[in-house]
Amino acid sequence: MTFLRALATMLLMLVAVPPAQAADDAAIREAIAKFATARNFADTEAIVRELGASGDPRVEPALAALADGNLNFRKSDRQVFVTKESGQAATLFDPLTGETVGEAPKRDFTKIKVNNSLRRTIRAVVSGLTLAAPDSTVRLSAAINMFRAPDPANLEALDVAIARETEARVAAALEAARASSVLVSDQPDDRKLAAIALLGQRGDRETLSLLTAFSARAEGELKAAAEQAIDSINASLALWSAGQNVWYGLSLGSVLLLAAIGLAITFGVMGVINMAHGEMVMLGAYTTFLVQELIRVHQPALFDWSLAIALPLAFIVAGSVGLLIERGIIRFLYGRPLETLLATWGVSLILQQTVRTIFGPTNREVGNPSWMSGAVQLGELTVTWNRLWIVVFALAVFAVLLYAINRTSIGLRMRAVTQNRRMASAMGIRTPWVDAMTFALGSGIAGIAGVALSQIDNVSPNLGQGYIIDSFMVVVFGGVGNLWGTLVGAFTLGIVNKFLEPYAGAVLGKIVVLVIIILFIQKRPRGLFALKGRAVEA
């Protein structure tokens, strides 16, 4: 009976494992075993290409382990394993099936060495194995990897993949990968010229590096064609770079707008130089931190809603603190701008130290919701979602505030007090109440600015100090108390800063902008959009 059972088991194994697959397994295992006898990197690369030529996707884990430095052979019998080290021991995995086959001391094994060149070859070989994957994303990734690591050995696989590809973006990536491999092959010059023409249309930095390397070793017509393509790509990249600077400038401008728009209201209506305005921004950022901490502990599923929850709370917290400052200090100092500057500077120091005492001096982590994470690539222009949403949010805040000032009762009173405080008071407007509500509104807007800034900047007690000077520059440049001036001033200064930084550096760039503003104010003391009114013009 024992003999019959053994015979039945052997028959089942023969049925379960087709002879062709068993032969393939034996050939692949034999190729993998050669890694233990490789004398140098060239031998290892030849084995990698042999495995890639098999076309069997099961070799991918072994190649990935080799690239990661996890492929080893046992010293005693030179058998190859994928290993996972833990202390002085190593867990062994079959390089073909991935099954665990036991544990052994780490000292019994020798790592199969790789270098960066070999890793690039491995990536290209693995990419070739995935060119026939049913998922178009996998095929696209494979084509991109083969473009970055051109190899004449890839041409045959790429030709087959191009012939059967149905998706346009994947086909374009495959064509580019084929062109890059043609440039490093011994193909005729006419094919290389066609490859240069195709690559020259891409206009990205990776293609520029590839063509630059080819141009250095090319001669005659090929060199001239490569240099012409390089010039075309450089011109295209210059335009994309300018576009990227404009986007960075708009992004910075939206941050400055959020930080300055509340200051434009308080400074314009009340004439108060509020040096504690930056601390209102900081309070909004710390409110966001507290909301996220509570959500992480009690309701992690609501994390994507954390900013929506933090916005009204930040407005209330910062607005309440602003109201207390106005009622407790500012209202006694109207008409004395120097004293309000010193008093609010003292308040800013108190608020900083209070926050430092409660939360500590180190930066606090504020996470991005999933809908604000990642980026979108538009040609050579990279647009991060968090910056894009902040631009949208800043414009939304501006639109709501503009409506409130021009279409509501409190806005009418604020404009009346701005244009002629004495006449507004004579008409029955309670100017002290308007001052208090205006200061609270400006502080509340600074608080919701802190919610936005927490997504792109470090949340620390010094957060507001980085924006207070820039905010005053925006307000003065745009026109004190004018919201449209604040909008134009913020985006103008943001874009100018980003165009100056590559040439002058961040610090010198700010100094140049400050000098420009000083010269501009000499010509237009009331800024770009001066307020109208007899009291203002007096």
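Residues numbered from 1 in each chain as written. Predicted model: local features only at pLDDT ≥ 70, side-chain atom pairs only at ≥ 80, totals over all residues. Heavy atoms only, no water.

### Overview of the overall build of the protein chain
Stated precisely, the cut-off is as follows: Working definition: helices are DSSP H or I runs of at least four residues, strands are E runs of at least two. Numbering for both runs from the N terminus. Partly exposed residues are those whose accessible area sits between 20% and 50% of the maximum for their type, while under 20% is buried and over 50% is exposed, using a 1.4 Å probe and protein chains only. Every residue pair with non-hydrogen atoms within 4.5 Å of one another is taken to be in contact. Throughout, the Shrake-Rupley method with a 1.4 Å probe supplies accessible areas, and for residues the shown protein chains are the sole cover considered. Only four residue types enter the tally: Lys and Arg on the positive side, Asp and Glu on the negative side, with His and both chain ends excluded. In this description, the location of a charge corresponds to atom NZ of lysine, CZ of arginine, CG of aspartate or CD of glutamate.
A tally of helices and strands in the protein chain yields 22 helices and seven strands. Counting across all 538 residues of the protein chain, residues that qualify as buried make up 44%. A sequence separation of at least 24 residues applies to 68% of the contacts in the protein chain between residues at least 6 apart. Accessible surface, the protein chain as shown: approximately 27500 Å² in total, 62% of it carbon and sulfur. Between the mean site of the 48 positive side-chain charges and the mean site of the 43 negative ones, the protein chain shows a separation of 13 Å.

### A short note on the nonpolar core
Here is the rule: Take the buried Ala, Val, Leu, Ile, Met, Phe, Trp, Tyr and Cys residues and link them wherever side-chain atoms come within 4.5 Å; each set so joined is a nonpolar core.
Counting 75 residues, the largest nonpolar core has Leu 257, Leu 483 and Leu 493 as its most contacted members. In this structure, Met 146, Ala 173, Leu 210 and Ala 225 belong to the second largest nonpolar core, which totals 33 residues.

### Considering the sheet that holds strand S4 (residues 100-105)
For clarity, the threshold we go by: Whether two strands pair depends on DSSP finding at least two bridges between them. In this analysis, axes come from line fits to C-alpha atoms, helices being fitted only over the stretch in contact, and the angle between any two N-to-C directions falls in the range 0 to 180 degrees.
Across the sheet, which stays open at both edges, the five strands sit in the order S4-S3-S2-S1-S5 with antiparallel pairing between neighbours. Each end of this open sheet is capped by a strand with a single partner; those strands are S4 and strand S5 (109-111). Within the sheet, the average angular offset between the axes of one strand and its neighbour, ignoring direction, is 45 degrees. Sheet topology note: the strand S1 (residues 71-74)/S5 ladder contains three bridges and is antiparallel. When the sheet's bridge partners are listed, Asn 72 is paired in S5 with Lys 111.

### Concerning the pattern of salt bridges
Which entries qualify depends on this criterion: By definition here, a salt bridge exists when the distance from a side-chain nitrogen of Lys or Arg to a carboxyl oxygen of Asp or Glu is within 4 Å.
Across all of its chains, the model carries 16 salt bridges by this definition. The residue Arg 49 makes a salt bridge to Glu 45 at a minimum N-O spacing of 3.0 Å. Linking Arg 49 with Glu 45, this pair stays in helix H3 (residues 41-53), spanning four residues, or about one helical turn. We classify Arg 49 as partly exposed; its relative accessible area is 28%. Note that Asp 77 and Arg 74 form a salt bridge whose closest N and O atoms lie 2.9 Å from each other. One connected set of salt bridges, linked through shared partners, spans Glu 45, Arg 49 and Asp 151.

### Describing helix H19 (residues 465-478)
What counts is decided by this rule: Here a helix's expected span is defined as the number of its residues, less one, multiplied by 1.5 Å.
Relative to the 20 Å expected for 14 residues at 1.5 Å per residue, H19 spans 21 Å between its end C-alpha atoms, a close match to the ideal helical length. Most of H19 sits out of view: ten of its 14 residues are buried. Considered for burial, the residues of H19 that qualify are Tyr 467, Ile 468, Asp 470, Ser 471, Phe 472, Met 473, Val 474, Val 475, Phe 477 and Gly 478. One or two positions beyond H19, positive phi appears at Gly 479, with a value near 120 degrees.

### Quick notes on a nonpolar patch on the surface
As a reminder of what qualifies: Patch criteria: residues need more than 30% relative accessible area and no salt bridge. Like-charged residues are merged within 9 Å; nonpolar side chains of Val, Leu, Ile, Met, Phe, Trp and Tyr are merged within 5 Å.
A cluster of nonpolar side chains, namely Leu 302, Trp 305, Ile 309, Leu 313, Phe 315 and Ile 316, defines an oily patch on the protein surface of about 550 Å² accessible area. As for its placement among the helices and strands, Ile 309 is situated in helix H13 (residues 306-328).

### Thoughts on the packing of helix H6 (residues 136-148) against helix H8 (residues 168-183)
Defined as follows: Roughly parallel means an angle under 35 degrees; roughly antiparallel, over 145; roughly perpendicular, 65 to 115; everything else is oblique. Crossing handedness: left-handed means the near helix sits turned counterclockwise from the far one by under a right angle, and right-handed means the same turn made clockwise. Asp, Glu, Lys and Arg are counted as charged, while Ala, Val, Leu, Ile, Met, Phe, Trp, Tyr, Cys and Pro are counted as nonpolar; the rest, among them Gly, fall into the polar class.
Relative to each other, H6 and H8 sit at 20 degrees, their axes nearing to 8 Å. It follows that H6 is roughly parallel to H8 by the angle criterion. At the point where H6 passes H8, the crossing takes the left-handed sense. Contact residues: H6 offers Ser 136, Thr 137, Arg 139, Leu 140, Ala 143, Met 146 and Phe 147, while H8 offers Arg 169, Val 170, Ala 173, Leu 174, Ala 176, Ala 177 and Ser 180. Looking at the contact of H6 with H8 residue by residue, the class counts come to nine nonpolar, three polar and two charged.

### Let's talk about the confidence of the model for the protein chain
Put simply, the rule is: The score called pLDDT rates the predictor's confidence residue by residue, from a low of 0 to a high of 100.
For the protein chain, per-residue confidence averages 82 on the pLDDT scale, and 91% of positions sit at 70 or higher. Element-level pLDDT for the protein chain is lowest in helix H1 (residues 2-16), with a mean of 41, against a maximum mean of 92 in H13.

### Here's the deal with the packing of aromatic side chains
Our working rule: Centre distance within 6.5 Å is the pairing criterion for rings of Phe, Tyr and Trp, where only the six-membered ring of Trp is used; planes under 30 degrees apart are then read as stacked, over 60 as edge-to-face, and the remainder as tilted. Here, a charge over a ring means that NZ of Lys or CZ of Arg falls within 6 Å of the ring centre while also lying within 35 degrees of the ring normal.
By the definition in use, this model includes six aromatic pairs. When the centroid spacing of 5.0 Å and the interplanar angle of 75 degrees are considered together, the rings of Phe 398 and Trp 484 count as edge-to-face. Of this pair, Phe 398 sits in helix H15 (residues 385-407) while Trp 484 sits in helix H20 (residues 483-504); the two residues are 86 residues apart in sequence, bridging distant segments of the chain. On the accessibility criterion, Phe 398 (5% relative accessible area) is buried. Here the aromatic cluster, defined as three or more aromatic residues joined through ring pairs, consists of Tyr 286, Phe 289 and Phe 359. Sitting above the plane of the Phe 147 ring, Arg 202 keeps its charged end 4.3 Å from the centroid.

### Observations regarding the packing of H13 against helix H18 (residues 431-453)
Where H13 meets H18, the axes come as close as 7 Å, and the angle between the chain directions of the two elements is 140 degrees. Note on packing geometry: the crossing formed by H13 with H18 is right-handed. A class-by-class count of the residues in the contact of H13 with H18 yields 17 nonpolar, five polar and three charged.

### Focus on the side chain of Glu 326
This is how it is decided: For the purposes of these results, a polar contact is taken to be a pair of N or O atoms within 3.5 Å, where, inside protein, one atom must be able to donate a hydrogen and its partner to accept one; residues adjacent in sequence count only when each atom of the pair is a side-chain atom.
Positionally, Glu 326 belongs in helix H13. A relative accessible area of 0% places Glu 326 in the buried class. In this structure the side chain of Glu 326 is engaged in a polar contact, spanning 2.7 Å, whose partner is the side chain of Arg 327. Not counting residues within four places of it along the chain, the set of residues in contact with Glu 326 comprises Met 270, Arg 331, Tyr 334, Asp 435, Ala 436 and Phe 439.

### Some words on the environment of Ile 445
Examined against the element boundaries, Ile 445 turns out to sit in helix H18. Expressed as a C-alpha distance, the spacing of Ile 445 and Leu 256, which sit 189 residues apart in the sequence, is 13 Å. Those residues within four positions of Ile 445 in sequence are excluded, and the remaining contacts are Leu 258, Ile 261, Gly 262, Ile 265, Phe 315, Val 397 and Leu 401.

### Observations regarding the pairing of S4
By the bridge criterion, five bridges tie strand S3 (residues 89-93) to S4 in an arrangement that is antiparallel. Across the sheet, residue Phe 93 finds its bridge partner in S4, namely Thr 100.

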